[in-house]
Amino acid sequence: MKKIGIIICARYQGCGGGKCFRSVRERQGGFSRYPAEEQIEIIGYSSCGGCPGGNIEYVPEEFLKNGCDVIHLATGLVVGYPPCPYIRQFKEFIEKRYNLPVVIGTHPIPLKYMETQARLPFWKDAGMKEIAADLMATSSTIMESYN
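Residues numbered from 1 in each chain as written. Predicted model: local features only at pLDDT ≥ 70, side-chain atom pairs only at ≥ 80, totals over all residues. Heavy atoms only, no water.

**Description of the sheet that holds strand 3 (residues 70-73)**
Within the open sheet, the four strands sit side by side as 2-1-3-4. Their pairing is parallel. In this open sheet, the two edge strands, each paired with only one partner strand, are strand 2 (40-47) and strand 4 (102-104). Within this sheet the neighbouring strands show an average axis-to-axis angle of 25°, counted without direction. For strand 3 and strand 4, the ladder comprises three bridges, and the chain directions are parallel. Across the sheet, His-72 pairs through a bridge with Val-103, a residue of strand 4. (Pairing = 2+ DSSP bridges. Helix = DSSP H or I, 4+ residues; strand = E, 2+ residues; numbered from the N terminus. Axes fitted to C-alpha atoms, helices over the stretch in contact; angles between N-to-C directions.)

Here's what the structure looks like:
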């Protein structure tokens, strides 16, 4: 069983997680890396705490107490406007401090956001396609179903 913690952007702290949990069930987006036969348990769900990410220092420790194997930084950190300027630092800090792998992305990028972000130079300059490869590998049909 894979035990996963999810950290979302504080801008979306009221999010009910529907797209993230759907993508777990469907093994889409950031969860496409896990085989369908592998059980997944979400052991924690929290926001980053707001810029510059105060919870990043503490939330992974709580996740570890629940047996966390990997942390996913939610898709909203990638496609929110503007994208999270700290996403790389979050990943590096968590991996070095807590020795936990960090995956960028949860649910597939909704197509309506992908089409907009792809036209914005700062999104390309931020290297989002490289750091969120699982999300970019999703077909446009699946992305559209997450609109």
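There is more to say, and it comes next.
**Considerations on the packing of aromatic side chains**
Geometrically, a pair of aromatic rings is defined through the distance of the ring centres and the angle of the planes. Scanning all chains against the criterion turns up four aromatic pairs. Summarising the aromatic geometry, the rings of Tyr-86 and Phe-90 are spaced 6.1 Å apart at their centres and angled 20° between planes, so their arrangement reads as stacked. Since its relative accessible area comes to 30%, Tyr-86 is described here as partly exposed. A cation over an aromatic ring shows up here: Arg-97 above the ring of Tyr-98, its NZ or CZ 4.7 Å from the ring centre. (Phe/Tyr/Trp six-rings, centres within 6.5 Å; stacked < 30°, edge-to-face > 60°. Buried < 20%, exposed > 50% of the residue type's maximum accessible area, 1.4 Å probe, protein only. Lys NZ or Arg CZ within 6 Å of the ring centre and 35° of its normal.)

**Quick notes on the pattern of salt bridges**
Opposite charge on two side chains permits pairing when their charged atoms draw close. Tallying each qualifying case throughout the model produces four salt bridges. The closest approach of N and O atoms between Glu-62 and Lys-65, which form a salt bridge, is 3.2 Å. Separated by three residues within a single helix, Glu-62 and Lys-65 lie in helix 2 (residues 59-65), roughly one turn from each other. For Glu-62, a relative accessible area of 44% gives the class partly exposed. (Salt bridge = Lys/Arg side-chain N within 4 Å of Asp/Glu carboxyl O.)

**Some details on the state of the cysteines**
One pass over the structure, following the stated rule, counts zero disulfides. Unpaired in terms of disulfides, Cys-15 finds its nearest cysteine sulfur in Cys-20, a separation of 6.1 Å. Taking the relative accessible area as the measure of exposure, Cys-15 reaches 40% and is therefore partly exposed. Looking at the unpaired Cys-68, the closest cysteine sulfur is the one in Cys-20, lying at 14 Å. A residue is classified by how much of its surface remains accessible, and Cys-68, at 6% relative accessible area, is buried. (Disulfide = S-S within 2.5 Å.)

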